[in-house]
Amino acid sequence: MKNITLFAGLFLSIAFTPVLTTAQNHATAIKTSAIDMSRALIKNDFATFSKYLPDAVIEYAGGKEVLKTKMDSTYAAMKEFGARFKKIIIGNPGTVIRYKKQLQSVVPQSTTITSMLGDMTVETSLIALSADNGKTWKFVDTNIYKVDKMKTILPDLSPDLVIPPQKKPEFKPVEENQ
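**Student:** Residues and numbers for the pairing of strand β4 (residues 118-130), please.
**Tutor:** Counted residue by residue, β4 has 10 buried out of 13 residues, so it is predominantly covered. Alignment of strand β3 (residues 102-115) against β4, held across 13 bridges, turns out to be antiparallel. Note on β4: the bridge partner recorded for Gln109 is Thr124. With antiparallel pairing between neighbouring strands as the criterion, β3 and β4 make up a hairpin whose turn holds two residues. Direction of pairing for β4 relative to strand β6 (residues 170-173): antiparallel, over a ladder of four bridges. Its bridge partner lying in β6, Thr121 is registered against Glu170.

**Student:** Now, about helix α4 (residues 64-80): what can you tell me, with residues and values included?
**Tutor:** Side chains three or four residues apart in an α-helix point the same way, a direct result of the helix having 3.6 residues per turn. The end-to-end C-alpha distance of α4 is 24 Å, a good match for the 24 Å that 17 residues give at a rise of 1.5 Å each. For α4, the complete set of buried residues consists of Leu67, Met71 and Met78. Take α4 and look down its axis: the buried residues cluster within an arc of 35°, on one side only. Seen from the open side of α4, the exposed residues pointing more than 90 degrees away from its buried face are Glu65, Lys79 and Glu80. Positive phi appears at Gly82, one or two residues downstream of α4, with a value of about 70°.

**Student:** Just give me the short version of the packing of aromatic side chains, but keep the residues and values in it.
**Tutor:** Enumeration according to the criterion identifies one aromatic pair in this entry. Look at Tyr52 and Phe139: their rings are 6.3 Å apart centre to centre, the planes differ by 45°, and that puts the pair in the tilted class. Here the residue Tyr52 occupies a position in the loop between α2 (46-50) and α3 (55-60), and Phe139 occupies one in strand β5 (residues 138-141), the gap between them amounting to 87 residues. Assessed through its relative accessible area of 9%, Tyr52 is described here as buried.

**Student:** Talk me through the confidence of the model for the protein chain; I want residue IDs and the actual numbers.
**Tutor:** On average, residues of the protein chain carry a pLDDT of 86, and 85% of them reach 70 or more. Below a pLDDT of 50 lies the segment residues 5-21, which in the model reaches zero contacts outside its immediate sequence neighbourhood of four places, other chains included.

Procedures and definitions
Residues numbered from 1 in each chain as written. Predicted model: local features only at pLDDT ≥ 70, side-chain atom pairs only at ≥ 80, totals over all residues. Heavy atoms only, no water. Buried < 20%, exposed > 50% of the residue type's maximum accessible area, 1.4 Å probe, protein only. Helix = DSSP H or I, 4+ residues; strand = E, 2+ residues; numbered from the N terminus. Pairing = 2+ DSSP bridges. Expected span 1.5 Å × (residues − 1). Arc of directions from axis to C-beta. Phe/Tyr/Trp six-rings, centres within 6.5 Å; stacked < 30°, edge-to-face > 60°. pLDDT = per-residue confidence, 0-100. Contact = heavy atoms within 4.5 Å.

Given below as structure tokens:
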């Protein structure tokens, strides 16, 4: 009996190792890509940032040139008012779902923008999408595109994706006695 239990345990370990390894690899790839995308956003590096956007999102925004103009304008306005990205924290991706030939996951994100008035932190989610079995990942920020709009732009979103409701931004004013 002891040998059967040992054999069963060994068999299950071997059988499920590829599944666990693949899930871990997807989580690592998602997080690495999301961090690279957020660094590009902070640097206003449109070429890098845009490679992480689904084509449907770029098309919905009016194309790459229009999107680049909007990004440059936002960056310039932030600079003019003394605001900048203080930090973007990418959380651990949720369960990866396969739906309609696509891998999908939800990734928590916390963005802090600082200005002379204080810091504003917004907690949102990124929808991670891969059409090539996890080799590359694209993202949609739920802070920019609300869930109902995303389903119009990206009709192949899985109904099983759990997208947390957006939280209110938190503002921490600068201390007057600093």
